[in-house]
Amino acid sequence: MEQQKLPNSTLILVLGILSIPMCCCYGVVGLILGIITIVLANKAAKIYAENPEGYTGYQNVKTGKILGIIGIILGVLYMIFIIVMVSLVGWETLQDQELLQERLQDMIEV
């Protein structure tokens, strides 16, 4: 029996890789990519578990899933950071770099 490539194994790896740097987009993009990666990886793992000898590319699935988990964690942490910063200094302050530096300087001096 000839082995075939696991469906979406390369896509899972690529999405897992992209979920890490994309967590800097307010955390949302990395979180979404990480969740999609986990869902696809779980589907591929089920297919692989049914017939491990019939498929290749499971290492990509495992690596992509790990990277997706890291992307989810980083995305959530970045979202928490943004929420804390908005609650501490306000959204307008985050948009104005000079005002942000003044507010941070005031917080440090206290």
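These figures come from a predicted structure and were not determined experimentally.

**Considerations on the overall build of the chain**
The number of helices and strands found in the chain is five helices and two strands. Secondary structure elements of the chain occur, N-terminal to C-terminal, as β-α-α-β-α-α-α. Reported as C-alpha extents along the three principal axes, the dimensions of the chain are approximately 70 × 20 × 15 Å. Expressed as a percentage of its 110 residues, the buried residues of the chain come to 28%. Of the contacts formed within the chain by residues at least 6 apart in sequence, a portion of 73% connects residues at least 24 apart. Split by element, the accessible area of the chain, about 7200 Å² in all, is 66% carbon and sulfur. Both charge centroids of the chain, one from 6 positive and one from 9 negative side chains, sit 20 Å from each other.

**Section: the side chain of Ser19**
Turning to its location among the elements, Ser19 is positioned in helix α1 (residues 9-19). Judged by its relative accessible area of 0%, Ser19 falls in the buried class. In this structure the side chain of Ser19 is engaged in a polar contact, spanning 3.3 Å, whose partner is the backbone oxygen of Leu67. Apart from the residues lying within four places of it in its own chain, the contact partners of Ser19 are Gly30, Leu33, Gly34, Leu67, Gly68 and Gly71.

**Digging into the packing of helix α3 (residues 58-89) against helix α5 (residues 97-109)**
One can describe the packing of α3 onto α5 by two numbers: an axis separation of 11 Å at closest approach and a directional angle of 85°. As the angle between them shows, α3 and α5 are arranged roughly perpendicular. Along the contact surface, α3 presents Met85, Leu88 and Val89, while α5 presents Leu100, Arg103, Leu104 and Met107.

**Some remarks on a nonpolar patch on the surface**
Residues Ile66, Ile69, Ile70, Ile73, Leu74, Val76, Leu77, Ile80, Val84, Leu88, Leu104 and Met107 make up a contiguous nonpolar surface patch of roughly 980 Å² in combined accessible area. Within the residue set of the nonpolar patch, elements represented by two or more residues are α3 and α5. The leading source of residues in the nonpolar patch is α3, at 10 residues. You can see Leu104 is positioned in helix α5.

Criteria and cut-off values
- Residues numbered from 1 in each chain as written.
- Predicted model: local features only at pLDDT ≥ 70, side-chain atom pairs only at ≥ 80, totals over all residues.
- Heavy atoms only, no water.
- Helix = DSSP H or I, 4+ residues; strand = E, 2+ residues; numbered from the N terminus.
- Buried < 20%, exposed > 50% of the residue type's maximum accessible area, 1.4 Å probe, protein only.
- Contact = heavy atoms within 4.5 Å.
- Areas by Shrake-Rupley, 256 points an atom, 1.4 Å probe, with all protein chains shown as cover.
- Lys, Arg positive; Asp, Glu negative; His and termini not counted.
- Charge placed at Lys NZ, Arg CZ, Asp CG, Glu CD.
- Polar contact = N/O pair within 3.5 Å; in protein donor to acceptor, adjacent residues only side chain to side chain.
- Axes fitted to C-alpha atoms, helices over the stretch in contact; angles between N-to-C directions.
- Parallel < 35°, antiparallel > 145°, perpendicular 65-115°, else oblique.
- Patch = residues over 30% accessible without salt bridge, like charges linked within 9 Å, V, L, I, M, F, W, Y side chains within 5 Å.
- Salt bridge = Lys/Arg side-chain N within 4 Å of Asp/Glu carboxyl O.

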